[in-house]
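So the chains spell out like this:
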Amino acid sequence: MQDPLDDGGPVTDNIAAGPPASPTPSPADGYLGDPAVRAEWDNRYADRHQLWSGRPNGALVAEVAGLAPGRVLDVGCGEGADAVWLARGGWDVTALEVSGVALERAAGHARDAGLAIHWVHAALTEAALPPVSFDLVSAQYPALLRTPDAAAERALLAAVAPGGVLLVVHHAGMDIQQVHDGGFDPADYVWPSMIADLLDDDWEVEVDEQRPRVAPDGGAGAHHTDDLVLRVRRLR
Ligand SMILES: C[S@@+](CC[C@H](N)C(=O)[O-])C[C@H]1O[C@@H](n2cnc3c(N)ncnc32)[C@H](O)[C@@H]1O
């Protein structure tokens, strides 16, 4: 298995996933995952020149403050503001995303900043990530689809190294929204509580709370006022 972290130098433009586990690869560009999910997000990003604020998420900035830089996995990195901020702070960043449109933008920001980031164009559950390898796994407002086997929740937990931290941040209230006309059904998605439900004695909960969001100035999600923050540490 190729280690997606073994990048052999600056890999700012390395927008490809590792070899498949049991995925649906797209031979054209190496994307691993459901093409419909990629298409949905590509369309969303392509609609706008810039979808998000371009600044790192406030909860990430707050929670990372006390951590020593190491290997970090940014799950659903979008246009790369968190990944670039982490790399600037000395983290060895792997950033994973289904949207090639978003990844191209993210890679451009890293290139402009002269930062090397390992980009993985894949869905979380298809990416063949090295297990128990990351000192920090960050999932900021991830739009991970829920499955009966809790594959996405388990993939997040499986990526964390012993002693490492999983940080999942979501918009408070979305998990209990009514199904609405746009087709959004909270039951389709993974929420922090579902990850907390899977924790055993190998994990310690450091933060599990709802709190006011350090809201970005602009971007599509700026209207959300509160965060759900789950921060858990793998003890062994
Ligand atoms: C709400 S956006 C958040 C983006 C970024 N984390 C931020 O805070 O700006 C959710 C992101 O997750 C990506 N995504 C959706 N399903 C995914 C999956 N299965 N694996 C990885 N990324 C996924 C989407 O393409 C999108 O960029």
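Above this text sits the structure in question.
Here is a short report on the structure shown in this document. Here, residues in each chain are numbered from 1, in the same order as that chain's written sequence. Restriction of local features to residues with pLDDT of at least 70 applies here, the model being predicted, together with a cutoff of 80 or more for giving and counting side-chain atom pairs; totals for whole chains, interfaces and linings are based on all residues. No hydrogens and no water enter the side-chain calculation; it runs on all heavy atoms of the structure.

Turning to the site of the ligand, a few remarks are in order. Taken together, 16 residues surround the ligand, and among them Tyr45, Asn57, Gly76, Glu97 and Gln140 come closest. Whenever a nitrogen or oxygen atom comes within 3.5 Å of another N or O atom, the pair is scored as a polar contact, on the condition that within protein one atom can donate a hydrogen and the other can accept it, and that pairs from neighbouring residues in sequence are kept only if both atoms are in side chains. Here a nitrogen atom of the ligand and a backbone polar atom of Gly76 are 2.7 Å apart. A distance of 3.0 Å separates a nitrogen atom of the ligand from a polar atom in the backbone of Leu124. In DSSP terms, a helix is any run of H or I states spanning at least four residues, a strand is any run of E spanning at least two, and both are numbered starting from the N terminus. Among the secondary structure elements, those contributing two or more residues to the shell around the ligand are α1 (35–46) and β2 (92–97). Considering only residue class, the shell around the ligand consists of eleven nonpolar, four polar and one charged. Proximity criterion: a residue is near a molecule or strand once any of its heavy atoms comes within 4 Å of it. Polarity classes work like this: nonpolar for Ala, Val, Leu, Ile, Met, Phe, Trp, Tyr, Cys and Pro, charged for Asp, Glu, Lys and Arg, and polar for all others, with Gly in that last group.

What follows covers the sheet that holds strand β1 (residues 71–75). Within the open sheet, the seven strands sit side by side as β3-β2-β1-β4-β5-β7-β6. Their pairing is mixed. Each end of this open sheet is capped by a strand with a single partner; those strands are β3 (118–121) and β6 (203–212). Averaged over all adjacent pairs, the angle separating strand axes in this sheet is 15°, with direction ignored. As judged from the four bridges shared by β2 and β3, these two strands associate in the parallel manner. For Glu97, the partnering residue across the bridge sits in β3 and is His121. The contact criterion used throughout is that any non-hydrogen atoms of two residues lie within 4.5 Å. Axis definition: a line fitted to C-alpha atoms, over the contacting stretch in the case of helices. Angles run 0 to 180 degrees between N-to-C directions. Most of the contacts of helix α3 (residues 81–88) go to β2, to which it runs at about 170°, and overall it touches β1, β2, β3 and β4 (134–140). In short, DSSP must find at least two bridges between two strands for them to pair.

Our next topic: the layout of surface pockets. For the second largest pocket, the calculated volume is near 170 Å³. Grid points spaced at 1 Å over the protein atoms alone were grouped into cavities, where a 1.4 Å probe fits but cannot get out, and pockets, open sets with protein on both sides within 12 Å along at least five of seven lines, with lining residues defined by an atom within 4 Å of a point. Taken together, twelve residues form the lining of the second largest pocket, with Leu124, Ala128, Leu129, Ala155 and Ala158 sitting closest to its centre. The residue makeup of the lining of the second largest pocket, split by class, is ten nonpolar, one polar and one charged. Grid points are joined across faces, edges and corners, and a volume is the space filled by probe spheres set on the points.

What follows covers the environment of Val101. Along the chain, Val101 turns up in helix α4 (residues 100–113). Under the scheme applied here, a residue whose accessible area is under 20% of the maximum for its type counts as buried, over 50% as exposed, and between as partly exposed, the area being computed with a 1.4 Å probe on protein chains only. Take Val101: its relative accessible area is 26%, and that puts it in the partly exposed class. Separated by 58 residues in the primary sequence, Val101 and Asn43 place their C-alpha atoms 8.5 Å from one another. Leave out the neighbours within four places in its chain, and Val101 touches Asp42, Tyr45 and Ala46.

With respect to burial, β1 is a largely interior element, four of its five residues being buried. Pairing geometry for β1 and β2, over five bridges, is parallel. What sits directly across from Val72, in β2, is Val93. Orienting the strands away from the viewer, one traces the path from the first strand over the helix to the second; a clockwise path indicates a right-handed crossover. Between the parallel pair β1 and β2, the chain is carried across by α3, and the sense of this crossover is right-handed. As judged from the four bridges shared by β1 and β4, these two strands associate in the parallel manner. Each bridged residue has a counterpart across the sheet, and for Val75 the counterpart in β4 is Ala139.

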